[in-house]
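Residue-level listing of the chains:
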Amino acid sequence: MLRERQDRLDSTMLYVSDHGESTGEKGMYLHGAPLFMAPPEQTQIPMILWFSNAFADRFAIDTDCLRDHRERALSHDVLFHSVLGLLDIQSQGYRKPLDVFSGCRRQSDYSVPLARETGD
């Protein structure tokens, strides 16, 4: 739907499942097994990412670079930092090594600063 409207919508879509689910593989029907015994169906989850051309241009995303790295293993630990980095949001909590987009960005003039805390 977004692709069909990308000439009118400057958009992106990011989907990340919160966990996997065992639905009978090896006789297991659950999620949240301890990591040492959890099967891949619980620990390996999908992440789907799509950019409109305008979004990729606006936020200086090198989509070819991202395609070259699409098979790398990631964890949920990168999600917060990657969303901040993707949108070029400045935050003291941001950690560039956890931003999966940082190596696939060109220089951008666009920045979305967070509102200042007043201490009140």
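Refer to the structure above for everything that follows.
Conventions we followed
- Residues numbered from 1 in each chain as written.
- Predicted model: local features only at pLDDT ≥ 70, side-chain atom pairs only at ≥ 80, totals over all residues.
- Heavy atoms only, no water.
- Helix = DSSP H or I, 4+ residues; strand = E, 2+ residues; numbered from the N terminus.
- Buried < 20%, exposed > 50% of the residue type's maximum accessible area, 1.4 Å probe, protein only.
- Lys, Arg positive; Asp, Glu negative; His and termini not counted.
- Salt bridge = Lys/Arg side-chain N within 4 Å of Asp/Glu carboxyl O.
- Polar contact = N/O pair within 3.5 Å; in protein donor to acceptor, adjacent residues only side chain to side chain.
- Contact = heavy atoms within 4.5 Å.
- Disulfide = S-S within 2.5 Å.
- 1 Å grid on protein atoms, 1.4 Å probe; cavity = no way out; pocket = protein on both sides within 12 Å on 5 of 7 lines; lining within 4 Å.
- Points joined across faces, edges and corners; volume = space filled by probe spheres on them.
- Core = buried A, V, L, I, M, F, W, Y, C linked by side-chain atoms within 4.5 Å.

S.K.: Would you mind showing me how to read the side chain of Asp99 here?
M.R.: Mapped onto the fold, Asp99 is located in the loop between β5 (89-90) and β6 (112-113). One buried charged side chain, Asp99, makes no salt bridge at all; its nearest oppositely charged neighbour is Arg105, positioned 5.2 Å away. At 2.7 Å, the side chain of Asp99 and the side chain of Tyr94 are in polar contact. Aside from chain neighbours lying at most four places away, what touches Asp99 is His81, Ser82, Gly85, Leu86 and Tyr94.

S.K.: What should I look at first to understand the state of the cysteines in this one?
M.R.: One covalent bond between the sulfur atoms of two cysteine residues makes up a disulfide. Scanning all chains against the criterion turns up one disulfide. Disulfide pairing places Cys65 opposite Cys104 at an S-S distance of 2.0 Å. Classification of the bridge connecting Cys65 and Cys104 rests on its S-S torsion, roughly -60°, and on that basis the disulfide is left-handed. Of this pair, Cys65 sits in helix α3 (residues 63-68) while Cys104 is found in the loop between β5 and β6, placing the two residues 39 residues apart along the sequence.

S.K.: What is the right way to read the environment of Arg3 from this model?
M.R.: Checked against the element boundaries, Arg3 lands in the segment before β1 (12-16). Judged by relative accessible area, Arg3 falls into the exposed class, the value being 58%. Along the primary structure Arg3 and Ser52 are separated by 49 residues, whereas in three dimensions their C-alpha atoms are 6.7 Å apart.

S.K.: Explain the pattern of salt bridges here, please?
M.R.: One side chain can pair with another of opposite charge once the charged atoms of both are near each other. Scanning the entire structure with this criterion turns up three salt bridges. Taking the shortest distance from any N to any O, the salt bridge between Asp10 and Arg58 comes out at 3.2 Å. Taken together, the residues Asp10 in the segment before β1 and Arg58 in helix α2 (residues 53-58) connect sequence positions 48 residues apart. Note on Asp10: relative accessible area 38%, which makes it partly exposed. By relative accessible area, Arg58 is classed as partly exposed at 38%. Note that Arg67 and Asp64 form a salt bridge whose closest N and O atoms lie 2.8 Å from each other. In this pair, Arg67 and Asp64 are both assigned in helix α3, three residues apart and thus about one turn of the helix distant.

S.K.: What exactly am I supposed to notice about the layout of surface pockets here?
M.R.: If a probe as big as a water molecule is rolled over the atoms, it shows which places are left empty. Approximately 1,000 Å³ is the volume found for the largest pocket. Of all elements in the fold, only β1, α1 (40-43), β4 (47-51), α2, α3 and α4 (79-86) reach the threshold of two or more residues within the lining of the largest pocket. If one sorts the elements of the lining of the largest pocket by residue count, β4 sits on top with five residues.

S.K.: Sorry, what's going on with the nonpolar core here?
M.R.: What tends to happen in soluble globular proteins is that the nonpolar side chains get buried as a cluster. With 12 residues, the main nonpolar core is built from Phe51, Phe55, Ala56, Phe59, Ile61, Cys65, Leu66, Val78, Leu86, Val100, Phe101 and Cys104. When near neighbours in sequence (up to four residues on either side) are disregarded, Leu86 contacts Phe51, Phe55, Phe59, Ile61, Asp99, Phe101 and Arg105.

S.K.: What is the right way to look at the environment of Thr23 in this model?
M.R.: As for its position among the elements, Thr23 is in strand β2 (residues 22-23). Among the residues examined, Thr23 registers a relative accessible area of 54% and is labelled exposed. For the pair formed by Thr23 and Glu41, sequence separation is 18 residues and the distance between their alpha carbons is 8.5 Å. The contacts of Thr23, once residues within four sequence positions are left out, are Met28 and Tyr29.

Such coordinate-based values are descriptive only and should not be taken to indicate function.
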